[in-house]
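Listed here are the chains, written in short residue letters.
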Amino acid sequence: MAENQNYNMLEMDQGNDGLGKVEIAPEVIEVIAGIAASEVEGVAQMRGNFATGVVERLGKKNHGKGVKVELTEEGIKVDVYCLMNFGVSIPSVAQKIQDNIRQALLNMTALDADEVNVHVVGIQFENQKIEAEYEIEE
């Protein structure tokens, strides 16, 4: 993997077969990591900001929400910000998030993340889900 400074893209080194090069934007890695993290049981939702909340209410799903990707000289650093369900084991769910993101990136892009940091920014209780669903129905 080599970083291309001009376009802020990752260039994949998959051998020299003469067919050209493959570049992956950091936004693609954010989407892959976001979907992989939200698939883990125990994750209530990914953290977003006000703008992503407005966009989601209009019907567009932002799969990169709550994920920050940094391309450094050492490699790829992924930070995931999420809310957990009440009653789950935070260390085991965080480990599953890290494993799922690392495996998804490896399978889909052949890139290995050097760091996958999980930031638990809140706990979602069962009654909060019911209230949120009730507000949407009104």
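Residues numbered from 1 in each chain as written. Predicted model: local features only at pLDDT ≥ 70, side-chain atom pairs only at ≥ 80, totals over all residues. Heavy atoms only, no water.

A. Local environment of unusual backbone geometry. Even without being a glycine, Ala 110 presents a positive backbone phi close to 60°. Considering the arrangement of structural elements, one finds Ala 110 in the loop between helix H3 (90-109) and strand S7 (113-124). (Helix = DSSP H or I, 4+ residues; strand = E, 2+ residues; numbered from the N terminus.)

B. Structural view of helix H1 (residues 26-38). Between its first and last C-alpha, H1 extends 18 Å over 13 residues, near the 18 Å set by a 1.5 Å rise per residue. Along H1, the residues that are buried comprise Pro 26, Ile 29, Ile 32, Ala 33, Gly 34, Ala 36 and Ala 37. (Expected span 1.5 Å × (residues − 1). Buried < 20%, exposed > 50% of the residue type's maximum accessible area, 1.4 Å probe, protein only.)

C. Spotlight on the packing of aromatic side chains. The full count for this structure, using the stated rule, is one aromatic pair. Here Phe 86 and Phe 125 contribute two aromatic rings whose centre-to-centre distance is 5.0 Å and whose plane-to-plane angle is 35°, an arrangement assigned as tilted. Here Phe 86, found in the loop between strand S6 (76-85) and H3, pairs with Phe 125, found in the loop between S7 and helix H4 (126-137); they are 39 residues apart in sequence, far enough to count as distant. Assessed through its relative accessible area of 38%, Phe 125 is described here as partly exposed. (Phe/Tyr/Trp six-rings, centres within 6.5 Å; stacked < 30°, edge-to-face > 60°.)

D. Focus on the packing of H1 against H3. Packing of H1 against H3 brings their axes to within 8 Å, and their N-to-C directions diverge by 135°. One way to sum up the angle between H1 and H3 is to call them oblique. Seen along the crossing, H1 lies across H3 with a hand that is right-handed. In contact with Ile 29, Ile 32, Ala 33, Ala 36 and Ala 37 of H1, H3 contributes Ile 97, Asn 100, Ile 101, Ala 104, Leu 105, Met 108 and Thr 109. (Axes fitted to C-alpha atoms, helices over the stretch in contact; angles between N-to-C directions. Parallel < 35°, antiparallel > 145°, perpendicular 65-115°, else oblique. Left-handed = near helix turned anticlockwise from the far one by under 90°. Contact = heavy atoms within 4.5 Å.)

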